[in-house]
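Analysis of the macromolecular model
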Amino acid sequence: MIGAIMKFLFNKKFLLVIGLLVAAYFSYRLLIPEKKVDFSADVKPILNKKCITCHGGVKAKAGFSLLFREDALAKTESGKPAIIPGDPDASELIHRITNHDPEERMPYKHEPLSKQEISIFKRWIKQGAKWGDHWAYLPVKKTEVPDVNDNPNGWIKNDVDKFIYAKLYDEKLKPSVQADKPTLLRRASLDLIGMYPSASVAQQYLKSNDDKAYEVLVDSLMASPHFGERWASLWLDLSRYADTKGYESDGGREIWKYRDWLIKSFNEDKPYDRFLTEQIAGDLLPNPTDAQYIATAFSRNSMTNDEGGTDNEEFRTAAVMDRVSTTWESLMGTTFSCVQCHSHPYDPFRHDEYYKFMAFFNNTRDEDIPSEYPLLREYNDSMKQKLETVINWVKEHSSDANAKKFSLFLRTWEPSINSTTADSMTNAVIAGKNYALAIRNHSIARLKKIDLQNVNLLIWNFYSEKKGGVLKLHLDSPEGPVFATINIKGVDHWRKESIEFPEQQGVHDVFLTYENPTLPKNSEDFAITFDWFSFMQQLPGKGIPGYEENKKIFWGLVNANVPTTPVMVENPAWMWRKTHVFERGNRKTLGEEVEPAVPNSLSFAMPANAPKNRLGLAMWLTDKKNPLVSRTMVNRLWEQLFGMGIAETLEDMGTQGIPPTHKELLDHLAWQLMNDHQWSIKKLLKELVMSATYRQDSKLTDELKEKDAANKFYARGPRVRLSAEQLRDQHLCISGEISTKMYGPGVMPWQPEGIWLSPYNGARWQNSNGEDQYRRAVYTYWKRTSAYPSMITFDGVQRVLCTARRVRTNTPLQALVTLNDSVYLDMARHFAYRMKKEAGANVNDQISKGYELMLYKPLPAAKLKVFVDLYNEALNEFKGDADKTCKMIGVNNEHTDAPTAAMVVVANAMMNLDEVVMKN
């Protein structure tokens, strides 16, 4: 039997057939090319998970780094490359990942790669070890809209729906029906204006049978001045806006005009590219307006540490780095701060590129001092006319360039001339980075070679710790003629002094002496310090008719006490700083000097004519070739409406971020924002809220719970808890007490004593009165070290740093706030009175009316019974307890009203319903 089988197997015909089959197989393999490996989709995830920890931006063990292709193909410490494109068998990488010796195999002392992962590497190297760019770093291209033939019941309203429906079809899911009108009214209102609409707008929509009623509602909401308030709230987190400076002293800061600028910009639908340009470089635009200067407070929102004894340069540098991180995280959805210490472990950014980018911000004039210079000086209309008069005088009698210098100085205190240098003599102190100059009692300081012709002395932030004494300025020697004298008047006295002295000729050394008879001679524990000590150009045109009048106007403007806002101003050329790489992120260890530049991997978007300053940076950000800016904004707007971004990690669209669920839709909308909508935020928002996707019912079915509980495929409408601001503003609307007053300094709604502890300045929370206590959340005074507690409980942020995404949480504290916080109890009282006023004496009618005021729909009978039972239970309790009754309704013992107290309990419970604290 065995012999017969062997004879058959070695039969020539059989062997021929086998040979032909083998040949056919290999011919087939040659004709059908091997599946191409996608670096970004197939290789990069393995590198990030298994390899990059030891062979990336932080470490490059054995001289091998996988961060960039040129590094990966370079020679390692062995003298040979680890990857040889086209030859996996000769590549050391393959040898190491397939080695069975635990001391040789990679990853070292970790789980070996799977057979599939090894196969991917082999095929990738065989195919040339091509690198690939991450999707987010490629330019936005026009995306083809899916051709959807199946449109059940006319569900699709616009192109957004075509993308969504195509994905639902692939996932074997069906979209939900449209939500009812009351639900859409509340949803769209909370999303677009962050509060309830006026009664007339609401009723017009609810009662209309016109097919266009919903669009009319959307248009009216977008035209509301409250639109800007709602969207400014979003931007305050990104710009880390606060009414205080931060750090442990956390003193106050007058920067609220930036918040008002945001509101106005969103209301007027300022194109997003212009919106960003003014915030990044408004001061560098031709003839910048006050509003454009104020826009630059986006960067000035960084914290300032004016605690005594701190190194001013250290915290100035910290502020500059904060601006770098904020720009990337808020505007480009990218983590960049780790590049401060090393090349990015996962994304294509090298260590030195961080400092090249930082150089864009390193030549701004602001300093870490109590005055927070520079400050935009905001003149009233009369003073603006005087300013224009002076500038026209300078232009007529000097030059346009000189007129710009004078304008800049009078508007921001930027010096027109500052040629001082200082040498220490005797016991003077030249404080270098901390001060322009400091001088001790009975000491001398010298300012060398000052051209005194046609200049005035300007001292900025002159500080004296002790009372009394005289500061004198002498020409040519300590005994030379005294041309300026300053009497020290107070203790702890910061002030600016502008001194006009008799015209001098030529270049002189200027000597300063200080004498205070109340202090010991050569006292070591006291010095007068100056943040600036400069000489300012005098007004031109001396001797010409009109000079004296203009000179008087000029000095009136110089010394005017006007409101100010911290803004950005670029250093003049003679004050430009050098920017160096900080080795391992340590500012004390300087590496090579660098010039302003964007990362090489994204340099393709830099316009050829862009200057190497913040204006050039803004041009790069808003260029349509920039791959990140439009995608980031689209993703953020989507998250605000649907509760989750198309790419969930708003703060990180890089290779470590969560990939987008609908990448083609994200790119389609990003293209539209830049091109079809010409950077209009309102047009983009309208397209989103007009979609059938947005209008769906939010009910979670058993099928959706099983297949897509997180609603990543959007087979139902959004259902998320309201933000801290939306919650407060909605409850104010329900109570009937909301103030529609806009703009102005931050207000202080009720807060118990003792929340603030301000040992440095004794600042206290002063509860606002009248309508100010009922103003919208966007106007609440924001102290970084003690932000408003009820909003923090609902995931508001301290705004110490940029926050690109609030992660929603659920804690018992949230229920404690809305049920017990005095602010919410006060709203419940007003709501109870409103129900009684609008529904009459019948309790059932009052409760039903209250529910309708909250949700625009009738109260189901079952819920009505629950609330009536609660009312009766509370009523019985209050009838027997006058003190408790008075506390509930907030009046003294002379007026007890048990029915009202019981209705307050009901109002409070109703305002805590799930459907009220959620957006359905």
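Counting of residues starts from 1 at the beginning of each chain's written sequence and follows it residue by residue. Totals for whole chains, interfaces and linings use all residues, but because this is a predicted model, local features are given only for residues with pLDDT of at least 70 and pairs of side-chain atoms are given and counted only at 80 or more. In computing side-chain values, all of the structure's heavy atoms are included and hydrogens and water are not.

Notes on the confidence of the model for the protein
Per-residue pLDDT for the protein averages 89, and the proportion of residues at 70 or more is 88%. Contacts of residues 430-434 to residues separated by more than four positions or lying in other chains number 11 contacts, the stretch itself having pLDDT below 50. Scored from 0 to 100, pLDDT records how confident the predictor is in each individual residue. Two residues qualify as a contact provided that any one of their heavy atoms is within 4.5 Å of a heavy atom in the partner residue.

A word on the packing of helix α27 (residues 724-735) against helix α30 (residues 822-839)
Between α27 and α30, the shortest axis-to-axis distance is 8 Å and the interhelical angle comes to 30 degrees. Of the possible angle classes, the one that applies to α27 and α30 is roughly parallel. Facing α27, whose interface residues are Leu727, Arg728, His731, Leu732, Cys733, Ile734 and Ser735, α30 presents Val823, Tyr824, Met827, His830, Phe831 and Arg834. Of the residues contributing to the contact of α27 with α30, the split by class is 8 nonpolar, 3 polar and 2 charged. Here an axis means a line fitted to C-alpha atoms, over the contact stretch when the element is a helix, while the angle between two N-to-C directions is reported on a 0 to 180 degree scale. Helical segments are the DSSP runs of H or I of at least four residues, strand segments are the runs of E of at least two, and each set is numbered from the N terminus. Under this scheme an angle from 65 to 115 degrees is roughly perpendicular, one under 35 degrees roughly parallel, and one over 145 degrees roughly antiparallel; angles in between are oblique. Side-chain classes follow a simple rule in which Ala, Val, Leu, Ile, Met, Phe, Trp, Tyr, Cys and Pro form the nonpolar group, Asp, Glu, Lys and Arg form the charged group, and the remainder, Gly included, forms the polar group.

Details of helix α18 (residues 381-397)
With 17 residues, α18 should cover 24 Å at 1.5 Å per step; its first-to-last C-alpha distance of 25 Å lies within 8% of that length. Where α18 is concerned, the buried positions are Met383, Leu387, Val390, Ile391, Trp393 and Val394. Within α18, the buried residues cover an arc of 155 degrees as seen down the axis, which keeps them to one side. Facing away from the buried side of α18 by more than 90 degrees, the exposed set consists of Asp381, Gln385, Glu388 and Glu396. Any pair of N or O atoms that falls within 3.5 Å is considered a polar contact. Within protein, one atom must be able to donate a hydrogen and the other to accept it, and sequence-neighbouring residues count only if both atoms are side-chain atoms. N-cap assignment for α18: the residue whose side-chain oxygen lies 3.2 Å from the backbone N of Ser382 is Asn380. Multiplying 1.5 Å by the residue count of a helix minus one yields the expected span of that helix. The buried label goes to any residue with under 20% of its type's maximum accessible area, the exposed label to any with over 50%, and the partly exposed label to all in between, with areas taken from a 1.4 Å probe on protein chains only. The arc in question is traced by the directions running from the helix axis to the C-beta atoms.

Side note on the environment of Ile646
Positionally, Ile646 belongs in the loop between α22 (629-642) and α23 (663-674). Put simply, Ile646 and Lys712 are 66 residues apart on the chain and 8.1 Å apart in space, counted from C-alpha to C-alpha. Ignoring any residue separated from it by four or fewer positions in sequence, one finds Ile646 in contact with Asn635, Trp638, Pro659, Pro660, Thr661, His662, Leu665 and Leu666.

A closer look at the pairing of strand β6 (residues 470-475)
When DSSP locates at least two bridges between a pair of strands, those strands are taken to pair. The pairing of β6 with strand β7 (residues 482-487) spans 5 bridges and is antiparallel. Among the inter-strand pairings, Leu473 is bridged to a residue of β7, identified as Ala484. Taken together, β6 and the strand that follows it, β7, pair antiparallel across an intervening segment of 6 residues, in which Asp476 is found at a positive phi of about 70 degrees. Note: β6 against strand β9 (residues 507-515), 6 bridges, orientation antiparallel. Among the inter-strand pairings, Leu475 is bridged to a residue of β9, identified as Val510.

Here we look at the nonpolar core
Core analysis: the largest hydrophobic core is formed by 174 residues, its most contacted members being Trp235 and Phe357. Among the elements that line this core, the one with the most residues is helix α34 (residues 898-910), at 8 residues. Setting aside chain neighbours within four positions, we find Phe357 in contact with Val324, Thr327, Trp328, Met332, Phe336, Ala597, Val598, Pro599, Leu617 and Trp620. Buried Ala, Val, Leu, Ile, Met, Phe, Trp, Tyr and Cys residues that are joined via side-chain atoms within 4.5 Å together make up what is termed a nonpolar core.

Remarks on helix α32 (residues 861-879)
Helix length check: α32 (19 residues) gives 27 Å between terminal C-alpha atoms against 27 Å at 1.5 Å per residue, within 8%. Where α32 is concerned, the buried positions are Leu864, Phe867, Val868, Tyr871, Ala874, Leu875 and Phe878. Seen end-on, α32 carries its buried residues on one side only, within an arc spanning 130 degrees. The outward face of α32, more than 90 degrees from its buried face, is lined by the exposed residues Ala862, Lys865, Val866, Glu873 and Asn876. Packed against the buried residues of α32 are α31 (843-855), α33 (882-889) and α34.

A look at the side chain of Arg259
Relative to the helices and strands, Arg259 resides in helix α12 (residues 256-267). Within polar-contact distance, the side chain of Arg259 engages the side chain of Asp260 at 2.5 Å.

Focus: the packing of aromatic side chains
Here the aromatic set is Phe, Tyr and Trp, taking the six-membered ring for Trp, and pairing holds for ring centres within 6.5 Å; pairs whose planes are under 30 degrees apart are stacked, those over 60 apart are edge-to-face, and all others are tilted. Scanning the model with the defined rule gives 39 aromatic pairs in all. Here the aromatic rings of Phe227 and Trp231 are separated by 6.3 Å at their centres, their planes lie at 45 degrees, and the arrangement is tilted. One end of the pair, Phe227, and the other, Trp231, are both in helix α11 (residues 226-238), 4 residues apart, so they sit about a helical turn from each other. Between Phe554 and Trp555 the ring centres are 5.4 Å apart and the planes differ by 80 degrees, which places this aromatic pair in the edge-to-face class.

Quick notes on unusual backbone geometry
Residues Met106 and Pro107 are joined by a peptide bond in cis, for which omega reads 0 degrees. Phi is positive for Arg584, which is not a glycine, with a value near 55 degrees. By the element assignment, Arg584 lies in the loop between β12 (579-582) and β13 (590-594). Note on Arg584: relative accessible area 75%, which makes it exposed.

Some details on the state of the cysteines
Here, a disulfide means two cysteine sulfur atoms that sit within 2.5 Å of each other. Inspection of every chain in the model, using the stated rule, returns 0 disulfides. Its sulfur unpaired, Cys51 is 9.0 Å from the next cysteine sulfur, which belongs to Cys54.

Some points on the pattern of salt bridges
A carboxyl oxygen of Asp or Glu within 4 Å of a side-chain nitrogen of Lys or Arg is what we treat as a salt bridge. Throughout the structure, instances matching the rule amount to 45 salt bridges. Notably, a salt bridge pairs Asp283 with Arg614, separated by 2.8 Å at the nearest N-O pair. Taken together, the residues Asp283 in the loop between α13 (272-281) and α14 (290-295) and Arg614 in helix α21 (residues 614-622) connect sequence positions 331 residues apart. Summarising the burial analysis for this pair, Asp283 and Arg614 share the class buried. Two residues, Asp729 and Arg776, come together in a salt bridge whose shortest N-O distance is 3.0 Å. Residue Asp729 is found in helix α27, and its partner Arg776 is found in the loop between α27 and α28 (789-793); the two are separated by 47 residues along the sequence. Residues Asp729 and Arg776 agree in their burial class; the two are buried. Three or more residues joined by partner-sharing salt bridges are found here, namely Lys212, Glu215, Asp219 and Lys686.

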